[in-house]
Amino acid sequence: MNFPRVLLGLSLAAALAGCARRPTKLPIYDVVINHVTLVDVATGQLTPNQVVAISRGKIVEVQTADKDSYAAKQYVNGNGRYLIPGLWDMHVHFRGGDSLAAANKKSLALFLAHGVTTVRDCGGDLTPSVLQWRADMDAGRYAGPRIFTSGPKIDGPKAYWPGSLEVETPAQIGKALDSLQRLRVDFVKIYDSKISGAAYLNTIAQAQRRGLKTTGHMPYSVKLGDAVKRGLDATEHLYYVFKACSGKEDSLTAAVRTSLNTPKPLGLFAVLPAVYDTYSPAAAARIFKLMAKHKTAAVPTLHIGKTLTELPENDHARDTLLAYIDPKIQATYARRLNSAKQQPLAAQQFSKKLETKFMSLVPQMQAAGVPLLAGSDSGPFNSFIYPGASLQDEVILLVQAGLTPLQALQAATVNGAKFMGVAERTAAIAVGKDADLVLLTANPLENIANIRHIDAVISRGKAYPAAALANLLRAIKNP
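Residues numbered from 1 in each chain as written. Predicted model: local features only at pLDDT ≥ 70, side-chain atom pairs only at ≥ 80, totals over all residues. Heavy atoms only, no water.

- Under an unreviewed UniProt entry, the name given to the protein chain is Amidohydrolase family protein, and the organism recorded is Hymenobacter armeniacus.

**Some points on the overall build of the protein chain**
Right, on to step 1. If you tally the helices and strands in the protein chain, you get 18 helices and 17 strands.
Right, on to step 2. Taking 479 residues into account, the globule formula puts the C-alpha radius of gyration at 23 Å, and the protein chain, at 23 Å, falls close to it.
Right, on to step 3. Viewed in the frame of its principal axes, the protein chain has a C-alpha envelope of about 80 × 45 × 40 Å.
Right, on to step 4. Nonlocal contacts in the protein chain, meaning residues at least 24 apart in sequence, comprise 76% of its contacts between residues at least 6 apart. (Helix = DSSP H or I, 4+ residues; strand = E, 2+ residues; numbered from the N terminus. Rg over C-alpha atoms; globule rule 2.2 N^0.38 Å. Contact = heavy atoms within 4.5 Å.)

**Comments concerning helix α11 (residues 302-309)**
Right, on to step 1. Burial analysis of α11 places 6 of its 8 residues in the buried class, the great majority of the element.
Right, on to step 2. All buried positions along α11 are accounted for by L302, H303, I304, G305, T307 and T309.
Right, on to step 3. Those residues of α11 that are buried lie in contact with α13 (334-341), α14 (345-368) and α15 (389-401). (Buried < 20%, exposed > 50% of the residue type's maximum accessible area, 1.4 Å probe, protein only.)

**Side note on the pattern of salt bridges**
Right, on to step 1. Counted under the stated rule, the structure contains 16 salt bridges.
Right, on to step 2. For D186, the salt bridge identified is with R134, shortest N-O distance 3.0 Å. With D186 in the loop between α4 (170-183) and β11 (188-190) and R134 in helix α3 (residues 127-138), the pair connects residues that are 52 residues apart, well separated along the chain.
Right, on to step 3. Within this structure, K58, R146, R425, D434 and D436 form a network of salt bridges that share partners. (Salt bridge = Lys/Arg side-chain N within 4 Å of Asp/Glu carboxyl O.)

**A short note on the pairing of strand β8 (residues 146-149)**
Right, on to step 1. The side-chain alternation of β8 yields two buried faces, one formed by R146 and F148 and the other by I147 and T149.
Right, on to step 2. Where strand β7 (residues 116-121) meets β8, 4 bridges bridge the pair, whose relative direction is parallel. Bridge pairing in β8 links V119 to I147.
Right, on to step 3. The parallel pair β7 and β8 is bridged by α3, and the resulting crossover is right-handed. (Pairing = 2+ DSSP bridges. Right-handed = clockwise from strand over helix to strand, strands pointing away.)

**A few points about the packing of helix α9 (residues 268-277) against α14**
Right, on to step 1. At a closest axis distance of 11 Å, the pairing of α9 and α14 adopts a crossing angle of 55 degrees. Compared by their axis directions, α9 and α14 come out oblique. The element α9 and its partner α14 pack so that their crossing is left-handed. Facing L272, P273 and Y276 of α9, the residues of α14 in contact are F350, K353, L354 and K357.
Right, on to step 2. Tallied by class, the residues present in the contact of α9 with α14 amount to 5 nonpolar, no polar and 2 charged. (Axes fitted to C-alpha atoms, helices over the stretch in contact; angles between N-to-C directions. Parallel < 35°, antiparallel > 145°, perpendicular 65-115°, else oblique. Left-handed = near helix turned anticlockwise from the far one by under 90°. Nonpolar A, V, L, I, M, F, W, Y, C, P; charged D, E, K, R; others polar.)

**Some remarks on the sheet that holds strand β6 (residues 87-92)**
Right, on to step 1. If you trace the 3 strands from one edge of the open sheet to the other, you get β6-β7-β8, paired in parallel fashion. This sheet does not close on itself; its edge strands, each paired only once, are β6 and β8. Averaged over all adjacent pairs, the angle separating strand axes in this sheet is 20 degrees, with direction ignored.
Right, on to step 2. Strands in contact with α3 are β7 and β8; relative to β8, the strand with the most contacts, it is inclined by about 150 degrees.

**Quick notes on the packing of aromatic side chains**
Right, on to step 1. In the structure shown here, the tally under the stated rule is 15 aromatic pairs.
Right, on to step 2. Their ring planes at 20 degrees and their centres at 6.2 Å tell us that F242 and Y279 sit as a pair that is stacked. Residue F242 is located in helix α7 (residues 239-244), and its partner Y279 is located in the loop between α9 and α10 (281-294); the two are separated by 37 residues in the primary sequence.
Right, on to step 3. For F242, a relative accessible area of 0% gives the class buried.
Right, on to step 4. By relative accessible area, Y279 is classed as buried at 17%.
Right, on to step 5. An aromatic cluster is defined as three or more aromatic residues linked by ring pairs; in this entry it consists of Y220, Y239, Y240, F242, F269, Y276, Y279, F350 and F358.
Right, on to step 6. Seen from the ring of W161, R95 lies directly overhead, with NZ or CZ sitting 4.0 Å from the centre.
Right, on to step 7. Against the face of Y191 rests K153, its NZ or CZ located 4.2 Å from the ring centre. (Phe/Tyr/Trp six-rings, centres within 6.5 Å; stacked < 30°, edge-to-face > 60°. Lys NZ or Arg CZ within 6 Å of the ring centre and 35° of its normal.)

**Some words on the packing of α10 against α14**
Right, on to step 1. In the contact formed by α10 and α14, the axes pass within 9 Å of each other and the chain directions differ by 50 degrees. The angle between α10 and α14 places the two elements in the oblique class. Of the two elements, α10 crosses α14, and the hand of that crossing is right-handed. Here A284, F288 and A292 of α10 lie close against α14, whose contacting residues are L361, Q364, M365 and A368.
Right, on to step 2. Here the contact of α10 with α14 is composed, by residue class, of 6 nonpolar, 1 polar and no charged.

**Describing the nonpolar core**
In a soluble, globular protein the nonpolar side chains are often hidden away together inside.
Right, on to step 1. The biggest cluster of nonpolar side chains holds 127 residues, and the ones touching the most others in it are F94, Y200, L224, F288 and M365.
Right, on to step 2. When sequence neighbours within four positions are dropped, the list of residues in contact with M365 reads L238, V241, F288, A298, V370 and L372.
Right, on to step 3. Judged by nonpolar contacts, the second largest core, of 16 residues, contains I429, A435, L439 and A456. (Core = buried A, V, L, I, M, F, W, Y, C linked by side-chain atoms within 4.5 Å.)

Quick look at the structure:
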């Protein structure tokens, strides 16, 4: 995706009038969107010629247009346009230490300019900064998405990512969870670089007893079914779901466990070819049924898989969105780019086969009732996964994988709200809901790519038309 494409369709016709349209009518709302078609992301129903009135960050009126006069501080013309709930990116990262804090903060504008009004931060080493950004944005000091955060990740001793909480014993797990609860995190993210199978399952169990949501990667020494039964709320990416789709999952898991005491323990990427060769439709059906029963969600992150697989052929040097990525974050892209260029041809070909297989799992999980969440995995070190734009690409890939446009929209809106336990107040266009909305110039249910054609974004009850979104981006553009 590139920047000119993002702003295609950003029409000046959505420019705000700035003062009351009809000053004699009270009350004066903060924002009024008139003559718009509402998109119900729960049912797929379109309701044309509606007016949506917003005050103090909430939707306060939704009714047929032209019945009454409306006075508004900001007036948005919705004629010929489609209104959807703001998009949710359910897998992002803010990380890189204090030296990258300011660079990470710039990405907040990118999310909003692409219609992403809520993100879920899945672990990093900038938790104090993230919490401060959240407070500042909620107070209206600057624009950006709402943030749910896990705080630091939980991992094993000598964890790969800086800032991780390293655990092995039950007591260490308890102390780690104590510290996360003091931070008032929204969920617990578990990583798999060093954590043992026993500590992984114990972390889930202890968090479950405290009423904390758990999500994350998973060591291949553990079976996904066991984690689901312990209470795992979501699995990130599809590597771990895929292993559970193997007809030889038990023996592969045993082989990984045995190798842990050898000089060359088996890692995820060493085992994936065997998982691919032993894929079983029956095993897939069993794990999907179990996940659906326990409401364990999956976050496919298809776009990052596709992007990384294509790195040997595309170095992204001409991506126009690079102009909005801080040079310090661009520097973190080099590691994966260099690694991809050195990858043997056979490994490149297998990666492409694997991504195709992953895409085939998506409609199967949807049909089985597994909750699907749209996530991009954008953030430092994740090469060329641009904040905001990558979530749009993820939603489009979900449709290419086999979901309907409505199902893909649900994965990027109401499913995230349900997962975070806030569906009663957001991700729908109804009285009493948070006024986080996106105005599109074309119907996304006809063509999901229309989510790129943004005419205005409403965040926390404030409208950002074309000119305002362009200004947000101009402010973070590299010199």
